[in-house]
Amino acid sequence: MKEKIDKYLSGNLSLRILSLLLAICLWILVINTEDPITTRTFSGMEVTITNSDVLNNLNQTYQIASGEKITFSIKGKKTIVDKLKRTDFVVTADLSELSSVNAVPIKVTAKKYADDIEIILGNDKTMTLEVEDLQQVQVPVVAETNGKPADGYSIGKKVTNPNLISVKGPVSIVKNIKQVRVAVNVDDVSSDIVTNVEPVCYDSDGNIVDTKRIKLDVDKIKVKVEIWKTKKLPLTLKTIGKPANGYVLGTIDYEPKYVTVTGETKDLEKVSKLELPSIDITGKKSTVEKTIDLNDVALPDGISLAQEENAIMVKVNIDQTTEKDLTIKADDIQILNNENHYDVEFEETNKKIHLMGLKDSLKKATIENLRPQIDLKDLKLGNHNVTIHFADIKNVEISGSQKIGITIIDKNDTTTSDTETEEDE
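Residues numbered from 1 in each chain as written. Predicted model: local features only at pLDDT ≥ 70, side-chain atom pairs only at ≥ 80, totals over all residues. Heavy atoms only, no water.

Undergrad: Please clarify how the pairing of strand E26 (residues 343-346) should be interpreted in this entry.
TA: Sheet faces and side chains relate simply in a regular strand, where the side chains alternate between the two faces. Only one face of E26 is covered, namely the face carrying Val344 and Phe346; the face carrying Asp343 and Glu345 is uncovered. In this structure, E26 lies alongside strand E31 (residues 403-409), joined through four bridges in antiparallel fashion. Across the sheet, Asp343 pairs through a bridge with Ile409, a residue of E31. (Buried < 20%, exposed > 50% of the residue type's maximum accessible area, 1.4 Å probe, protein only. Helix = DSSP H or I, 4+ residues; strand = E, 2+ residues; numbered from the N terminus. Pairing = 2+ DSSP bridges.)

This is how it looks when you write it as structure tokens:
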């Protein structure tokens, strides 16, 4: 009997082992069917940099060249993989592990189920950096204005506080910063402006410098813009010297004839005109043309120009002279200051004068326009040699002697006396 039992057990062992293996395979099949192994990819994950103080302590800074974002995959059971989100992972680059070629390994860590999944990195396993030294400089601050003040007003002094600011950043950027500007809107204003303005950095070519990687020691700059009144001043122009013989100074033309200036009220009240530099016409035989730049003209203290157009166009006409003689009759001469109503006798009935000047001007040189006069003020009875005075006619000169002999007689005095001739003006 025992032999039959042993034979039975011995014959079914193989069958039992086979049954067990089949059961295990079936279990595995069922498990894999219900919760299979799967893979999931996360793309565009931003890399967080840690331990950046390592470079700060070396007075260096960096810029990411590549590896700012990466793509990775995870592998594990579907029930676990499906539960995981982007926020369940930490992607870091530790700058303390920076290599000699400025490369940092990227690490991906799961916040949960770390032992149940496999993290698979692609080719972007490394972040590369551009590392350079830090530089700190002091840069001047310049205030600018936008717009135009109200009529009758102009922009005066512009003051910033501070007038220098500290700029720190990569050498390649900081070395190009030449100026910091602050802009203030003055459109239609008529009084001083005080405001706080965000500074903007500029290079030597006037281009704005990106400040993402640099740091300014102030965020706002206090700016005061003074708004001054304006004043319209007439321009005056003189000549020096004389033209060549046979030529005379003609008209002096220049445009504009007025200039707008600005300044504090107390300074504007002190000025009534602006004198331009004199034009030298010595020996000239033809018209002199010149452009005067008002920026080169010395202005009174506290006064500045308040207009954009500062060029003065000047034309000094030099004309050839003509001549003519004119006869003045005694009756044409007006006698002034004859308070005693003396009689005046002229030694010459007709006095010839010689005129020289421009042709058109000489046409105006008539006896009526010349208005010849003599003055008896302070003259005594008797003979005198007095000057005939004429009214000025532009661009006309009188040459030769303009004196004439006269005798002053008291018609009520019956006595006669010898009186010496006097030279009188």
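Next comes the rest of the write-up.
Undergrad: Whenever I open this one, the pattern of salt bridges confuses me. Can you help?
TA: Opposite charge on two side chains permits them to pair, given that their charged atoms come into close proximity. Within the structure shown, the criterion is met by eight salt bridges. The closest approach of N and O atoms between Glu144 and Arg181, which form a salt bridge, is 3.4 Å. One end of the pair, Glu144, is in strand E8 (residues 126-146); the other, Arg181, is in strand E11 (residues 179-185), and 37 residues separate them in sequence. Under the relative-accessibility criterion, Glu144 is labelled partly exposed at 29%. Judged by its relative accessible area of 18%, Arg181 falls in the buried class. (Salt bridge = Lys/Arg side-chain N within 4 Å of Asp/Glu carboxyl O.)

Undergrad: Looking at this structure, how should I read the environment of Tyr62?
TA: Mapped onto the elements of the fold, Tyr62 is located in strand E3 (residues 60-66). Sequence-wise, Tyr62 and Gly169 are 107 residues apart; in three dimensions their C-alpha atoms are separated by 10.0 Å. Once residues lying within four places of it in the same chain are set aside, the contact partners of Tyr62 are Ile49, Ser52, Leu55, Leu95, Leu129, Glu130, Val131 and Arg213. (Contact = heavy atoms within 4.5 Å.)

Undergrad: Could you clarify how one ought to interpret the packing of aromatic side chains in this entry?
TA: The description of two aromatic rings rests on the distance between their centres and on the angle between their planes. Summed over all chains, the structure comprises three aromatic pairs. A ring pair is formed by Phe72 and Phe89, whose centres lie 5.4 Å apart and whose planes are at 65°; its orientation type is edge-to-face. Residue Phe72 is found in strand E4 (residues 69-77), and its partner Phe89 is found in strand E5 (residues 89-94); the two are separated by 17 residues along the sequence. According to the relative accessible area criterion, Phe72 is buried, its value standing at 1%. (Phe/Tyr/Trp six-rings, centres within 6.5 Å; stacked < 30°, edge-to-face > 60°.)

Undergrad: Help me understand the sheet that holds strand E21 (residues 288-293) in this model?
TA: Sheets are built from strands that pair by backbone hydrogen bonding, the pairs being arranged parallel or antiparallel. If you trace the three strands from one edge of the open sheet to the other, you get E17-E23-E21, paired in antiparallel fashion. Strands at the two margins of the open sheet, each flanked by one partner only, are strand E17 (247-255) and E21. Across this sheet, the average inter-strand angle for adjacent strands is 20°, counted without regard to direction. Bridging between E21 and strand E23 (residues 311-320) involves six bridges; their strand directions are antiparallel. Considered in E23, the bridge of Glu289 is made with Lys315. (Axes fitted to C-alpha atoms, helices over the stretch in contact; angles between N-to-C directions.)

Undergrad: Would you mind going over the side chain of Thr387 with me for this structure?
TA: Within the secondary structure, Thr387 is located in strand E29 (residues 382-387). Separated by 2.9 Å, the side chains of Thr387 and Lys403 make a polar contact. (Polar contact = N/O pair within 3.5 Å; in protein donor to acceptor, adjacent residues only side chain to side chain.)

Undergrad: Explain the nonpolar core here, please?
TA: Burial of nonpolar side chains together is a common tendency in soluble globular proteins. In this structure, Val167 and Val223 are the most contacted members of the largest nonpolar core, which totals 23 residues. Take this core: its biggest share by element is four residues, from strand E15 (residues 221-236). (Core = buried A, V, L, I, M, F, W, Y, C linked by side-chain atoms within 4.5 Å.)

Nothing here speaks to function; it is geometry throughout.
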